[in-house]
Amino acid sequence: MEGVQRRNPGQTEFIQAVQEVAQDIFDFIEDKEEYHEAQILRRIAEPERVVSFRVCWEDDNHNIRVQRGWRVQNNNAIGPYKGGIRFHPSVTESVLKFLAFEQTFKNSLTGLPMGGGKGGANFNPRGKSDSEVMRFCQSFMTELYRHIGPDTDVPAGDIGVGAREIGYMFGQYKRITNRWEGVLTGKGMEYGGSQMRPEATGYGAVYFLQNMLKHSGQEIEDRTAVISGSGNVATHAAEKITQLGGKVLTLSDSGGFIHDPDGIDQEKINWVKELKTVRRGRISEYADEFGGATYHEGERPWNVKCDLALPCATQNELNEDEAKTLVGNGVVAVSEGANMPTTLDGVKVFHDAKIMYGPGKAANAGGVAVSGLEMSQNSERISWNHERLGEMLTELMEGIHGKCVEYGEQGKYVDYVKGANIAGFKKVADAMLAFGVV
Ligand code: NDP
Ligand code: 2IT
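These numbers come from a predicted model, not from an experiment.

J.: What's the story with the site of ligand 2 in this structure? I'm lost.
T.: In the vicinity of ligand 2, 14 residues are found, and the nearest of them are K82, K106, K118, D158 and S371. Between ligand 2 and R197, the relevant distance is 3.0 Å, taken from an oxygen atom to a side-chain nitrogen or oxygen of the residue. A total of 290 Å² of accessible area belongs to ligand 2 in isolation, and the protein chains cover 94% of it. Of all elements in the fold, only β3 (81–87), α5 (93–110) and α15 (366–380) reach the threshold of two or more residues within the shell around ligand 2. Tallied by class, the residues present in the shell around ligand 2 amount to two nonpolar, seven polar and five charged.

J.: I'm lost on the pairing of strand β5 (residues 153–156) in this one. Help?
T.: Moving residue by residue along a regular strand, the side chains alternate between the two faces of the sheet. Going residue by residue along β5, you find D153 and P155 tucked away on one face and V154 and A156 tucked away on the opposite face as well. Bridge count between β3 and β5: four bridges; the pairing is parallel. Each residue of the ladder has a partner; that of K82, found in β5, is V154.

J.: Explanation requested: the pattern of salt bridges in the structure shown.
T.: Opposite charge on two side chains allows them to pair when their charged atoms are near. The final tally for this structure, using the stated rule, is 25 salt bridges. R86 is the partner of D158 in a salt bridge, and the nearest nitrogen-oxygen pair spans 2.7 Å. With D158 in the loop between β5 and α7 (163–177) and R86 in strand β3, this pair connects stretches of sequence that are 72 residues apart. What makes R86 buried here is its relative accessible area of 3%. Here D430 ties to K426 by a salt bridge, and the two come within 3.0 Å at their closest N and O atoms. Within this pair, D430 and its partner K426 are both found in helix α17 (residues 416–435), separated by four residues, close to a single helical turn. Residues joined by salt bridges that share partners form a network here, namely R7, R42 and E46.

J.: Before we go on, may I ask you to explain the sheet that holds strand β8 (residues 256–259) in this structure?
T.: Strand pairing in a sheet relies on backbone hydrogen bonds, with the paired strands running either antiparallel or parallel. Read across the sheet, seven strands follow the order β9-β8-β7-β6-β10-β11-β12 without closing on themselves; strand pairing throughout is mixed. Edge strands, defined here as strands with exactly one partner in the open sheet, are β9 (294–297) and β12 (356–358). Strand-to-strand twist in this sheet, taken as the mean axis angle between neighbours without regard to direction, amounts to 15°. Strand direction decides the pairing type here: strand β6 (residues 224–227) and strand β10 (residues 308–310), joined by three bridges, are parallel. Bridging from a neighbouring strand, V226 pairs with A309 of β10.

J.: What's the story with the side chain of Q377 in this structure? I'm lost.
T.: One can find Q377 in helix α15. Those residues in contact with Q377, other than ones at most four positions away along the chain, are S194, I382, S383, W384 and L389.

J.: I tried to follow the site of ligand 1 on my own but got confused; where do I start?
T.: D158, T201, S254, R282 and N339 are the nearest of the 26 residues found near ligand 1. For ligand 1, an oxygen atom lies 2.9 Å from a polar atom in the backbone of G160. Within the backbone of V233, an N or O atom sits 3.0 Å from an oxygen atom of ligand 1. Contact with the protein chains removes 82% of the 880 Å² of surface that ligand 1 exposes when unbound. Looking at the shell around ligand 1, the elements with two or more residues in it are α8 (197–215), α9 (232–243) and β7 (247–253). Across the shell around ligand 1, the residue classes break down as five nonpolar, 13 polar and eight charged.

J.: What is the right way to look at the sheet that holds β3 in this model?
T.: An order of β1-β2-β4-β3-β5 is seen for the five strands of this open sheet, with the pairing classed as mixed. The strands lining the two open edges of the sheet, one partner per strand, are β1 (49–58) and β5. If you compare each strand with its neighbour and ignore which way they point, the axes differ by 20° on average. Two strands pair when backbone bridges link them, and β1 and strand β2 (residues 64–75) are joined in this way by ten bridges, in the antiparallel orientation. Of the residues in β2, the one forming a bridge with V50 is V72. Packed on one face of the sheet, helix α6 (residues 130–144) meets β1, β2, β3, β4 (116–121) and β5 and runs near 140° to β1.

Procedures and definitions
- Residues numbered from 1 in each chain as written.
- Chains lettered and ligands numbered in written order.
- Predicted model: local features only at pLDDT ≥ 70, side-chain atom pairs only at ≥ 80, totals over all residues.
- Heavy atoms only, no water.
- Near = heavy atom within 4 Å.
- Polar contact = N/O pair within 3.5 Å; in protein donor to acceptor, adjacent residues only side chain to side chain.
- Areas by Shrake-Rupley, 256 points an atom, 1.4 Å probe, with all protein chains shown as cover.
- Helix = DSSP H or I, 4+ residues; strand = E, 2+ residues; numbered from the N terminus.
- Nonpolar A, V, L, I, M, F, W, Y, C, P; charged D, E, K, R; others polar.
- Buried < 20%, exposed > 50% of the residue type's maximum accessible area, 1.4 Å probe, protein only.
- Pairing = 2+ DSSP bridges.
- Salt bridge = Lys/Arg side-chain N within 4 Å of Asp/Glu carboxyl O.
- Axes fitted to C-alpha atoms, helices over the stretch in contact; angles between N-to-C directions.
- Contact = heavy atoms within 4.5 Å.

In structure tokens, the structure reads:
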């Protein structure tokens, strides 16, 4: 870890992600000489390639704007690099390196042949017109296209990149290369997208939660849930909790959170989806629309008493004190829709309290898993139906839960972090061993 810190000065998110994995892996490989000889840990914590580039675009007032774009190709031992693209002002090389590192283990856990990558730009889509977003996406792809391909690296969406942005980027890729191919996932249904992909991450995080509860003889029905975020992952997680008979109490965005003691039902969730993807408004508007709900400016939802917690917004959005509050309020299980939403100190609180805690790399793997299925459908030039993909997602999440239990069960308690880290690591590391020194 000292070496990782020295080689990546100031990259706190990346160091945090490596730290969380290294602790578990170190115990696992202690007596396995072949991993030490091949320096697997040292190699796995070094991205294979980091591409950084300038993205120029013109805003509606004819100002020339300059952003920085990246693609981090972390590891392609078990398949083409695969992972989302994030557009957010907080994007840095450190954030994308942490995401690409996590993605490598997550993708391995799905059992599908996908390596790990992540990309993005420090572009803020908020308040931009559709034309501005289009021009930015086209400029971004004009550089990115040379680094990606259906058998090389297959990006998808993440924060700030949804159906609209994927459409603009796919259109530009097709225009530049004169090739229609499955180079991005999360595409629209009209042009090679997969059924169930929009829902997959949020639904998958709830299926993972359901599996954790089932493992100890419990269920979601009649339980209260606190969810952060109000984007793709949060709204679909809320939808599935509601369908399974749970009651969702909160949603949030970077401005604050709303608390609705009556429960956020399907009709309200549909309203939030429209608010966020069509009108592109703020979650505070929820409290004006629905009586009984309150808006808490500048706050996060973790002090609302609940049985289940699903952080679905961003990294490090749940700290040690907030974890203590959740535990003190009797939380039973935490399932992470977001990537690394809980700080290392927060994770320790959940671990010490022995509550069920599903880390992002396992709990939110449903999204990339269905992306993997979108790649298969594109290669086969065929589209499977919604029902079939729904069943496959359910099975994939059950499989991921099973792997976490296999490597993380300690008596009655399952250490899902350890299980996910070891199961994810083993497949990638064994493939790397097979290749020799590359
Ligand atoms: P969206 O852009 O659809 O939504 C992001 C949500 O998180 C918004 O409500 C946004 O609020 C909020 N948010 C973003 N940054 C911050 C911040 N710094 N502080 C507080 N709130 C913030 O993204 P997704 O729903 O796709 O992604 C959410 C999380 O899930 C991310 O961690 C992502 O990496 C992860 N994830 C996504 C997958 C996918 O398939 N989309 C797959 C697996 C993981 P605001 O509108 O104010 O910015
Ligand atoms: O973090 C993630 O797993 C994603 N943003 C989805 C990646 C993908 O390739 O579907």
